[in-house]
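Listed below are the residues making up each chain.
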Amino acid sequence: MTIERLREIVEAYGASPARWPEAERPAAEAMLAASAQARGLAEDAARFDALLDMAPVEAPSAALTERLMAARPRAAAPLVRPAPDLRPKAERGFFGGLVEAVWPYGSPAFPAGALAAALVMGVALGSTSGISVLDTRSSVAVTDTEAGEGLIALAMANQAWPEEWMQ
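Criteria and thresholds
- Residues numbered from 1 in each chain as written.
- Predicted model: local features only at pLDDT ≥ 70, side-chain atom pairs only at ≥ 80, totals over all residues.
- Heavy atoms only, no water.
- Core = buried A, V, L, I, M, F, W, Y, C linked by side-chain atoms within 4.5 Å.
- Buried < 20%, exposed > 50% of the residue type's maximum accessible area, 1.4 Å probe, protein only.
- Helix = DSSP H or I, 4+ residues; strand = E, 2+ residues; numbered from the N terminus.
- Axes fitted to C-alpha atoms, helices over the stretch in contact; angles between N-to-C directions.
- Parallel < 35°, antiparallel > 145°, perpendicular 65-115°, else oblique.
- Contact = heavy atoms within 4.5 Å.
- Nonpolar A, V, L, I, M, F, W, Y, C, P; charged D, E, K, R; others polar.
- Left-handed = near helix turned anticlockwise from the far one by under 90°.

### Topic: the nonpolar core
Then comes step 1: If you look at the biggest cluster of nonpolar residues, it comprises 13 residues, and the most contacted ones within it are Ile3, Leu6, Val10, Trp20, Leu32 and Ala38.
Then comes step 2: For this core, the secondary-structure elements that each account for two or more residues are helix H1 (3–13), helix H2 (25–34) and helix H3 (36–54).

### Examining the packing of H2 against H3
Then comes step 1: Contact pair H2 / H3: the axes reach a minimum separation of 5 Å and the direction vectors enclose 110 degrees. One way to sum up the angle between H2 and H3 is to call them roughly perpendicular. Residues Met31, Leu32, Ala33 and Ala34 of H2 form the contact with H3, whose own contacting residues are Ala36, Ala38, Arg39 and Ala42.
Then comes step 2: Looking at side-chain class alone, the contact of H2 with H3 contains seven nonpolar, no polar and one charged residues.

### Describing the packing of H1 against H3
Then comes step 1: Where H1 contacts H3, the axes come no closer than 10 Å and their chain directions differ by 10 degrees. Taken together, the axes of H1 and H3 are roughly parallel relative to one another. Note that H1 runs across H3; the crossing there is right-handed. Side by side, H1 and H3 meet where Ile3, Leu6, Arg7 and Val10 of the first sit next to Gln37, Ala38, Leu41 and Ala45 of the second.
Then comes step 2: For the contact of H1 with H3, the residue count by class is six nonpolar, one polar and one charged.

Next up, the structure:
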C-alpha cells in the first residue's frame, strides 16, 4: 500500500474503513497505524465526510420520480413489423438464411427493389453522360477516361492533381 493509493481510496470511499474495498482494507489500516501522513489524509477525509453528513437529504417527490420514470430509455419499436412467416426455418436453405440474416424485418422485396432501381439509375446516368473536359492550354478535348480519373482524384482529395486543375 502506497500513500498515493491510500489517498485514492480515502477520496473515493471516505474516511471510514468500513467503506473501503475489502481486499485493500488491512493494508490501508496498517498504513494508517504506521504513517502520520496517512492519518492526516484520513482526518481531512473525516472532516469532509462530516460536512457531507450535515447536508439535508430529502426523499424525492412522487412527481420527480414519475418524471424520471417517464424519461427513462426504453426499447425502440421496430421500424418495419415482420410479416408472419408460416414456413418452418429448415425450409429456407442457405440463401434464405443469408437473406434473413441481412434483412430480418420481413420480406426483402422492398429493399431489394430500391437497390435495383438505384443500380439501374446509376448505370443509365453514367453511360449516357459523355463528360468531356477541354484542356484550356491546347484546346484539345480530354478523353472521357482522363476526365474521369481527374474528377475522381479531385473527389478523393488527391494532392498530386491540384496544380494541373487549378490553372
